[in-house]
Amino acid sequence: MNPDELLAIAGKVVERAEANEQIEVACSHTRSTSVRVYDREVESFTSAENLAIGVRVLIDGREGFASAGSLNPDVVEQTLAEARDNAEYSQADEFAGVARPDGVEAVEISLWRPGVDATPTEDKIAIALQLEERVRAADDRITGVRTAAYGDSVGAFALASTTGIEATNLGTSASAMIQPLAQDGDRAQIGFGWDGARDPNDLDLDLIVDRAVSRTVDLLGATKPDSATVDLVLDPYLAATVIGLVAGTLSGERVLKGRSPFADRVGEAVGSPLLSFLDDPTDPASLGADSHDGEGLACRPVPLVTDGVLEGFFHDSYTGRRSGTGSTGSAVRGARSLPGPGIHALAVRPDSGDLEEFIAGVDLGVLVFSLDGLHSGVNPVSGDFSVGASGRMIRNGEVAEPINECTVASTLQRLLLDIARIGADLTHLPSGVSTPSLVIGGVALSGA
Amino acid sequence: MTSVDPLLETDLVERVLSVALDRGADFAEVFAEDVERSSALLDDGRIESLSSDRDRGVGIRVVAGQSTGFAHTSNLSEHGLIAAAQAAAAAARGPGDGATRTVDFGADRPSVEAAAIRIRPGEIDKGTKVGLLMQANEAARATDAAISQVSARYGDNRRRILVANSDGVLAGDDQSRTLFSVGCVASGDTGLQTGYETIGLSIGFELFDRYDVEELARKAARRALTKLEARPAPSGTLPVVIGPGSGGVLFHEACGHGLEADLVRKGASTFAGRVGQQVASPLVTLVDDGTMDDEWGRFTIDDEGHPATRNVLIEDGVLVDYMWDGLRARTEGRSSSGNGRRQSYRHLPMVRMTNTYLAPGQSDPDDIIAGVDHGVYVAKLGGGQVNTASGDFTFGMVEAYMIEHGQLTSPIRDGQLIGNGPQALLDIEAVGNDFAMGSPGTCGKDGQGVPVGDGVPTLMVKALTIGGTAS
């Protein structure tokens, strides 16, 4: 189904609103392909089509939501009835409600590319097979591949509401990944390389292969390091992870509900003066770019930290009304979930230097390959940060021995203040984050 | 055995399987699913919203040689199912055995042995569910003035499945789960701290006859309050005593994933080729049991139609067997262990855990703590993660205390515990004679989440690395 057909379905439900009701309907249709290869053969090939509807109803400020994985007329009917029934049991809030158009003009950004539909199935399979072949051939120490995969999708989305909002979107995406294995005594090291783009022709297979192979073989012989205080050197992928965790605590919802360690700190220096970041979905170079947010408002740049000073928070329409600032166009959602404030396209302002220069400037540090256990090791309320790590030690400006089975610990608050360098090597990552490399000083490394 | 209406008529299933097989595949399967979920959320002192979700569909899998083709649809008409069967058959790329075959279930209807659900959540007034949330909120806030924020969530789901395949399997299951969780924030001079508690079982609304939501809320509140007084976690390698219940996460990560046959086969597990060997301390007997009454990871049949099974994985430290799904078992010429599970009809099944637990031992839990001079006692663990290839795992401490001279002393802040699975199993020096199941969990693997349970008695590991900031 195309976005206009979805919008027609959504619009028909919206028309059913009673005088005391607000209704918002999201519909989506996704077609996707995924291929996994193993040992030079196609292990599985999936072709999939997903339909979804989500209906949000507010009756006198009380909110109910219902969703379903089908757009059949009887299912749509039941979903509306269920959302209305749910609204009867929630409690009213003067700030609750669907978004109202706020006059901000949406930037036209096309998220659709022809390649997903134009590429023959056999060529898509060949991408995964080729990745496996190239990784196996790249280095004698690669002993196997756990998974090589290619996936793509075409997604259509439409949103309509009783406040007159109508937004549609048609986007494509493609990704490829590989996990090589290298035997290492009685254990193995596993690496990971991936890339994502709007068009399969824009996938950088060289990058995937290089990264996957180096991240595997460069860990061979890794041992547990001694505990120490170290500088962390983070390439753009890992910088994105750390800054992403911090940015998540700047959600208007967390702030209003007393769950952000940065709640009362607007206007204060919360980070190194080198640090500036914002959410900028209007930058077409970012893979997180979008013209509309999950409530149909125009996406816009949202400054968060400038020269180390906290500028503000990101909001959806509810948290924007309640905090008095208005929505920042930051609602994120799938058709089957309620919208809430989120980050679309986090962007860190580049400064100077690159990874090589950073390594050369560190006396005792870790060049980080992976940070593990983020979901259990980072507490976004208290800010406590303690995660598993692997990588290479840096000694006197040189990359030294591989390490694993260790943790790095600090707090999210400290990490921002301890940023010592921000690179000029801005990278637009497939996750939608755009960031250069970073150095963070004074982090506790726990090992033996 | 309860008779319920099957999701698809048997003769329709036969026709769809015939289409799936008509390119000469080795195996074909129809998996139909109908899931109803409902939830209610209280946050910031108010019932914020109630949500419901309905999802029905069919996934069709066709295996030819080593290659699997898969397609799914939410269009349950004969036309929709046949189209999906054709897509799956075309997608299976390996050389099948070329034989054409038909599937005939005769006059059978699938048997569905549903768990005994006493009170269907769908029959309970939504106002009653909302009332539980408000009770929990009030109880948590009444615990102490420092409790500055409370959220509580109620959720239930009913999942009906039907599995039919070209080996003649025709079976169904009717699974229900009910969940309640409370999260508290405490504010003090040291900043904000959090405490969570969750209960969940594969039963209906009778969950609340067994558990008191107010008590649950007070427990979550006390956990947050305790941490306001906590000092930074130590940094380095220390003996660790893990309390009963949530420590099951240790085994789930330290060896459970490494015993999944799909990872073993690909050389992505440190336990490959080690059946019959001593892989753990002789105190360790580890079981994965999909039959455990009422537990979160329980079911009657797995998502490939195989009956849930109790499987001893490690006995007295010796590796007995891996966990298997149908595809891997087929390749090895053995039977599945009932561990073939999938997130939904949109996903291919793979090897997954169910309820994984360490059998109780002989030691008195107090004696285990008394035997540690300087170490950490973990009362509750959060989630974890493992690299099955290297065996390195991490998991988070969400309630922990120092042990000094055999006594529990000050609480410590959240931090990560890490270790290496094969080493940690050998380093288990004491196993208590107590036992508890932990909180209901969702295990993620290759992008799919499934409900799992785990449990342990009190146990002591000689050395784990604690990822704190205090030297």
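Residues numbered from 1 in each chain as written. Chains lettered and ligands numbered in written order. Predicted model: local features only at pLDDT ≥ 70, side-chain atom pairs only at ≥ 80, totals over all residues.

1. Points about the domain arrangement of chain A
Residues and elements named next belong to chain A. By domain assignment, chain A separates into domain 1 (3–217) and domain 2 (222–448). Distance between the C-alpha centres of domain 1 and domain 2: 23 Å. If you look at the interface, domain 1 gives 31 residues, while domain 2 gives 26 residues. Secondary-structure elements contributing two or more residues to the side of domain 1 that touches domain 2 are β1 (21–38), β2 (41–59), β3 (62–68), β4 (144–161), β5 (166–184) and β7 (193–197). (Domains from an automatic or database assignment. Contact = placed C-beta atoms within 7 Å. Helix = DSSP H or I, 4+ residues; strand = E, 2+ residues; numbered from the N terminus.)

2. With respect to the interface of chain B and chain A
In this complex, chain B contributes 69 residues to the contact, which on the side of chain A involves 63 residues. With 12 residues, the top contributor of residues to the side of chain B that touches chain A is strand β2 (residues 46–64) of chain B. A breakdown of the residues in the side of chain B that touches chain A according to their chemical character gives 15 nonpolar, 39 polar and 15 charged. Bridge count between β2 of chain A and strand β3 (residues 67–73) of chain B: five bridges; the pairing is parallel. Residue pairing for β3 of chain B: Phe-45 of chain A is matched across the bridge by Gly-69 of chain B. (Nonpolar A, V, L, I, M, F, W, Y, C, P; charged D, E, K, R; others polar. Pairing = 2+ DSSP bridges.)

3. Notes on the domain arrangement of chain B
Residue and element names in this part refer to chain B. We note that the domain assignment places domain 1 (10–36 + 52–112), domain 2 (121–160 + 172–228) and domain 3 (235–467) within chain B. When each unit is reduced to the centre of its C-alpha atoms, the spacing between domain 2 and domain 3 is 25 Å. Of the residues lining the interface, 13 residues belong to domain 2; the matching set on domain 3 comes to 14 residues. Counting only elements with at least two residues in the side of domain 2 that touches domain 3, the list comes to β6 (170–188), β7 (191–201) and α5 (213–228). A class-by-class count of the residues in the side of domain 2 that touches domain 3 yields four nonpolar, five polar and four charged.

4. Description of unusual backbone geometry
Residues and elements named next belong to chain A. Despite not being glycine, Arg-40 has its phi angle at roughly 70 degrees, a positive value. Locating Arg-40 in the fold gives a position in the loop between β1 and β2. A residue is classified by how many C-beta atoms lie within 10 Å of it, and Arg-40, with 11 of them, is exposed. The backbone of Asn-396 shows a phi angle near 50 degrees, a positive value even though the residue is not glycine. Within the secondary structure, Asn-396 is located in the loop between β16 (384–395) and β17 (398–411). (Buried ≥ 20, exposed ≤ 12 C-beta atoms within 10 Å, placed from the backbone.)

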